[in-house]
Amino acid sequence: MEPPTSSGFYVSRAVALLLAGLAAALLLALAVFASLYGHCARVQPSELRRLAVPNAASFSPLGQEEPPSTQEPGPTSEPEVTATSQDWRPPGPWDQLRLPPWLVPLHYDLELWPRLQPDKLSAQLLRFTGRVNITVRCTMSTTRLLLHSLFLDYDRTEVRGPLYPGTGNATVGRVPVHDVWFAMDTQYMVLELGEALQPGSRYELHLSFSGPVFQESREGLFLNIYTDQGERRALLASQMEPTFARSVFPCFDEPALKSTFNITIIHHPRYVALSNMPQLGKSEKEDVNGSKWTVSTFYTTPHMPTYLVALAICDYDHVSRTERGKEIHVWARKDAIANGNADFALNITGPIFSFLEDLFNISYPLPKTDLIALPVFDNRAMENWGLLMFDESLLLLLPSDQLTEKKTLISYILSHEIGHQWFGNLVTMNWWNNIWLNEGFASYFEFGIINYFNPKLPRGASMARMLSSFLNEHLFISALKSYLKMFSYSNAEQDDLWRHFQMAIDNQSEIILPATIKTIMDSWTHQGGFPVITLNMSTGFMKQEPFYLGKAENQTLLAHNGTWIVPILWIKNGAIQSLVWLDKSSKVFPEMQVSDSDQDWVILNLNMTGYYRVNYDKLGWKKLSQQLVKDPKVIPVIHRLQLIDDAFALSKNNYTEIETALDLTKYLAEEDEIIVWYEVLINLLTRDLVSDVNNYDTYPLLKKYLLKRLSSIWNIYSTIIRENVAALQDDYLALISLEKVFEAACWLGLEDCLQLSRELFRKWMSHPENEIPYPIKNVILCYGIALGSDKEWDFLLNVYINTTKEEERIQLAYAMSCSKDPWILNRYMEYAIATSPFTFNETNVIETVAASEAGRCIAKDFLVNNWQAVSERYGTQSLVTLIYIIGRTISTDLQIMELQQFFSNMLEEHQKITVHAKLQTIKNENLKNRKQSARIAEWLRKNT
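Residues numbered from 1 in each chain as written. Predicted model: local features only at pLDDT ≥ 70, side-chain atom pairs only at ≥ 80, totals over all residues. Heavy atoms only, no water.

Participant: Looking at this structure, how should I read the state of the cysteines?
Facilitator: A covalent bond bridging the sulfur atoms of two cysteines is what the word disulfide describes. Counted according to the given criterion, the structure contains two disulfides. The disulfide partner of Cys-746 is Cys-753, and the gap between their sulfur atoms is 2.0 Å. Across the disulfide from Cys-746 to Cys-753, rotation about the S-S bond amounts to roughly -90 degrees, and the bridge is consequently left-handed. Using a relative accessible area of 3% as the deciding quantity, one classes Cys-746 as buried. (Disulfide = S-S within 2.5 Å. Buried < 20%, exposed > 50% of the residue type's maximum accessible area, 1.4 Å probe, protein only.)

Have a look at this one:
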């Protein structure tokens, strides 16, 4: 891949979402473990039994028929015994999080038969039956066998073997199974054997089971109910990551225990079955009631972990194309396919695969790729090998999406999941604590791929991006190629990756590092957070300290155990400088000293590739502010964005003063990049500043200061909106920034903004087919109501009543709370709680009204007079939330007492204690914010 900075050293556009991506990367591992452990407290269903299984109670091999049934699985002929847990047993391997290493799974023959029928979509619990033969290799003698199982009932269990090589895996004898029990906390199924398994021998585990199809949660095997072609329909899909495969079939459910899979799915003939591999064949079978079912078999998968096993059973259509001889299919609702909603995703999928194949020089190993758009998918997207799953909102492009950021979002999501085909699927982390090897590189290439195809779109950053920045693109990719080839179809840890990077570094002499790659990267991956790098431009003295949210004044590096080894890429007076390293808590870099010349300045973190924030001494910030005023374009847009973002974040968290950040805004009259304006406005026009009545003296100062500077950027985009709004459809940065700029202009009272809002709202009222441009729809709706009368409000209510899309209903419900007329707001709340057609199920209307400036007192009075009805409509907890919203501007204990007395009759005793504590927190936050606001007001008086 050509480096995006090949034309010099500046990225062509700003990286708008960089820091959010970095924070997400830090939290990723925690999220995975939360998911991993969050299910451990569940218990097995009451139907689970401890089975005393006679050896003769075997079931037919998968290739033979057994009496099928469409009935729910009934009790077996085996004696029923109450399920036991590990609490009844002495300590043992079932107490451990990880499976014991006694058995290594080699292959699964898996058959699943969900009883989904298109003419029986009732709400009753849907179940499935299944059979699995697992071939395992014994590594040490054991009379116990552990594997994962959750929510599954068992009819029969059997262990066959040993298997003799050279005889087609023929078995001689069976290993007696004396007892089967479940360690519920660790989700193990334990088989107590009558004789020991022999090291080096292979065995087959034959298990027959049944389990539930989930309807509320999208994990394991789950159901989606949806509407297509005017009919109510259903589909089944799977989500196995991280530990849900065990709720679909008994398995060795750890990422390092890769196996091959032969998957068979039995389904109703009206449905199509999809899995990881192409379909091998179809046959027909009859159940005991004479109903016919289709048996779909699939080719053997490559070696892969259980969390990548995937299946779907659906009544969908698809579109297809061929890329380098391999079929790509996008499956979706028939209406969506007929409307062309899947075409955009189909057309970019192939080129993304080809790009990564060429980059790594490793072909995608599967013969096909299916992408399926699920009506509801909590995980948003999943990279299952050969069957990628997406929430349909992240894969399908509607005609109305042309003026949204949806194209970019779909491109990012697709690139990320396709990147996983190499990072995660081909090479898998050994255990979940190294999941960043999957997610980090998928994210890195997600942004790299999109930037390659559309250089106007921003890149993201992470550990991988920082690593690439202090090496070079060629060495970075070379090391990854070596790593991928070495660990293909296997598992790796982060030290394996560092070894391959170190080999690449050792084979050249151009790049010299201060330590080994492992030492450098361990300093980032073995401790939380990231640093603030502070440079004193007068002396060249640089130091590092951890970045804390709300750092206390005396909080220093002494409270932190280690330091980061930080690559410092930097520019001086617009010219690239040589890479330096901050490998200790502080260091002096004489080359970074600046003279008294107005032209002399330094910016650290070139192209924002480093995973750290940057602070400067007062002289340094002053010089940068002066340069922005003199000639802002000398500083690249990505660094104008960086300076604003760092300065406000550092001032908010006590690393520097708010005046430092404000000084950087003086030049904004010359700023024509909307993403920089967006960054200024989200940091300066905060909710606290905008909605607190105590800040009203700041408003005229802000209005005068900002409107003088906002006119240039406003003129650019208001003209586009009036003349050719379609010109914005591929401008991602404008699409994500325009709403904030438009909202700020109207809030500051810019007459042209208010007039444009009236024009667009009235034009829409007269001709509803003329949609309001999506990027500014929220603002136009709100100001159309705020500037209008009951005529506009009644029109919007009518639109709401006739709208079925949840997202649009929420948008309209919010807009109706923007009225400035007390009687309209009061009527709105009456509508919301009345037992009438005016029900606002998606939105708590009382909270929405209370959140507005005009509605705060109105909502308060309404609540007192109607609190019983509000409680019945929205629940008692909503009363507590409303108190917080209404009291969000309190700053004294007297106000807290008055508020509590005001609502005392509505609250239960335990709620009163909670409310008091929360209001104290709000008060303290407000006092802190008001000190900041007072300093902002004082600065504005001096600079307006």
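Participant: Honestly, the packing of aromatic side chains in this entry has me stumped. Any pointers?
Facilitator: Working definition: an aromatic ring pair is given by the centre-to-centre distance plus the angle between the planes. The full count for this structure, using the stated rule, is 48 aromatic pairs. Aromatic pair Tyr-364 and Trp-422: ring centres 6.3 Å apart, planes at 50 degrees, arrangement tilted. Note that Tyr-364 is positioned in the loop between helix 3 (343-360) and strand 18 (368-374) and Trp-422 in the loop between helix 4 (406-419) and strand 21 (427-429), a separation of 58 residues in sequence. Taken individually, Tyr-364 and Trp-422 each receive the classification buried, so the pair is uniform in this respect. (Phe/Tyr/Trp six-rings, centres within 6.5 Å; stacked < 30°, edge-to-face > 60°. Helix = DSSP H or I, 4+ residues; strand = E, 2+ residues; numbered from the N terminus.)

Participant: It is not clear to me how unusual backbone geometry should be interpreted in this structure. Could you clarify?
Facilitator: Note: most peptide bonds trans; most residues except glycine with negative phi. A cis geometry characterises the amide bond from Gly-161 onward to Pro-162, with omega recorded as 5 degrees. Residues other than glycine seldom take positive phi values, yet Arg-324 does so here, at roughly 55 degrees. Within the fold, Arg-324 resides in the loop between strand 16 (317-323) and strand 17 (326-332). A positive phi angle, close to 55 degrees, is found at Asn-573, a residue other than glycine. Note that Asn-573 resides in the loop between strand 26 (570-572) and strand 27 (575-576).

Participant: Help me understand the nonpolar core, please; the structure alone is not making it clear to me.
Facilitator: Grouped burial of nonpolar side chains is what soluble globular proteins tend to show. With 298 residues, the main nonpolar core has Phe-249, Trp-422, Phe-445, Ile-568 and Leu-604 as its most contacted residues. When residues in this core are grouped by element, the largest group, 12 residues, is from helix 16 (residues 732-747). Setting aside anything within four residues of it in sequence, one finds Trp-422 in contact with Phe-353, Leu-356, Glu-357, Phe-360, Ile-362, Ser-363, Tyr-364, Val-427 and Leu-484. (Core = buried A, V, L, I, M, F, W, Y, C linked by side-chain atoms within 4.5 Å. Contact = heavy atoms within 4.5 Å.)

Participant: Mind showing me how you'd approach the environment of Gln-911 here?
Facilitator: The topology assignment puts Gln-911 in helix 26 (residues 909-943). A relative accessible area of 6% places Gln-911 in the buried class. A C-alpha to C-alpha distance of 9.8 Å links Gln-911 and Thr-876, two positions 35 residues apart in sequence. Apart from residues lying up to four places away in sequence, Gln-911 is in contact with Thr-876, Gln-877, Val-880 and Met-906.

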